Amino acid sequence: LGILRLEVQPRRVPQGFVGMDALKDFVLRQLARDKSQFQQTSTVVNGMPAFIVKVSKPFQIRRAYMVGEKVRYTLVGGLENPVFDQVLETLAETGSGRTDEH
């Protein structure tokens, strides 16, 4: 259907900042717990570290996880959705470089 979901969340959580290693570990443990069949690939999207998970069972889905300086992105779409790749290429963190700390 070409439907995508994009989630943008702050990197800062009460425990500190979410890093790529912690995010990847959490996602992969969750997939293993759910007994999902999947493949994962590490990459970089517009300067942000990222990894893409292709789940074949129980449901065919593709998810991309990216960690920027201030936010983290999750893009979810169908396994063979060409719009997924197009949207993924456009994701970039913007801003003045200002942090929430004063």
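Residues numbered from 1 in each chain as written. Predicted model: local features only at pLDDT ≥ 70, side-chain atom pairs only at ≥ 80, totals over all residues. Heavy atoms only, no water.

Draft legend 1. Examining the sheet that holds strand 1 (residues 5-10) more closely. Taken together, five strands build an open sheet; the order of strands is 1-7-6-5-4 and the sheet is antiparallel. Each edge of the sheet is formed by a strand with only one pairing partner; in this case those strands are strand 1 and strand 4 (37-45). Between one strand axis and the next, the sheet turns through 15° on average, direction left out of account. Bridging between strand 1 and strand 7 (residues 71-77) involves six bridges; their strand directions are antiparallel. Opposite Arg5, over in strand 7, you have Val76 as the bridge partner. The sheet contacts of helix 2 (residues 82-90) involve strand 4, strand 5 (48-57), strand 6 (61-67) and strand 7, and relative to strand 6 the element is tilted by about 5°. (Pairing = 2+ DSSP bridges. Helix = DSSP H or I, 4+ residues; strand = E, 2+ residues; numbered from the N terminus. Axes fitted to C-alpha atoms, helices over the stretch in contact; angles between N-to-C directions. Contact = heavy atoms within 4.5 Å.)

Draft legend 2. Looking closely at helix 1 (residues 20-33). For helix 1, built from 14 residues, the straight-helix expectation of 20 Å at 1.5 Å per residue is met to within 8% by its first-to-last C-alpha distance of 20 Å. Where helix 1 is concerned, the buried positions are Met20, Leu23, Val27 and Leu31. The buried residues of helix 1 occupy an angular sector of 70° when projected down its axis, which confines them to one face. Exposed residues lying more than 90 degrees from the buried face of helix 1 are Asp21, Arg29 and Arg33. Summarising the contacts, the buried residues of helix 1 are in contact with strand 4, strand 5 and strand 6. At the C-terminal side of helix 1, Lys35 shows a positive phi close to 60°. (Expected span 1.5 Å × (residues − 1). Buried < 20%, exposed > 50% of the residue type's maximum accessible area, 1.4 Å probe, protein only. Arc of directions from axis to C-beta.)

Draft legend 3. Region of the structure containing the pairing of strand 4. Here nine bridges tie strand 4 to strand 5, and the two strands are oriented antiparallel to one another. Its bridge partner being in strand 5, Gln39 is matched across the sheet by Lys54. Once strand 4 ends, the chain turns through two residues before running back antiparallel as strand 5, passing Asn46 with a positive phi of about 45°.

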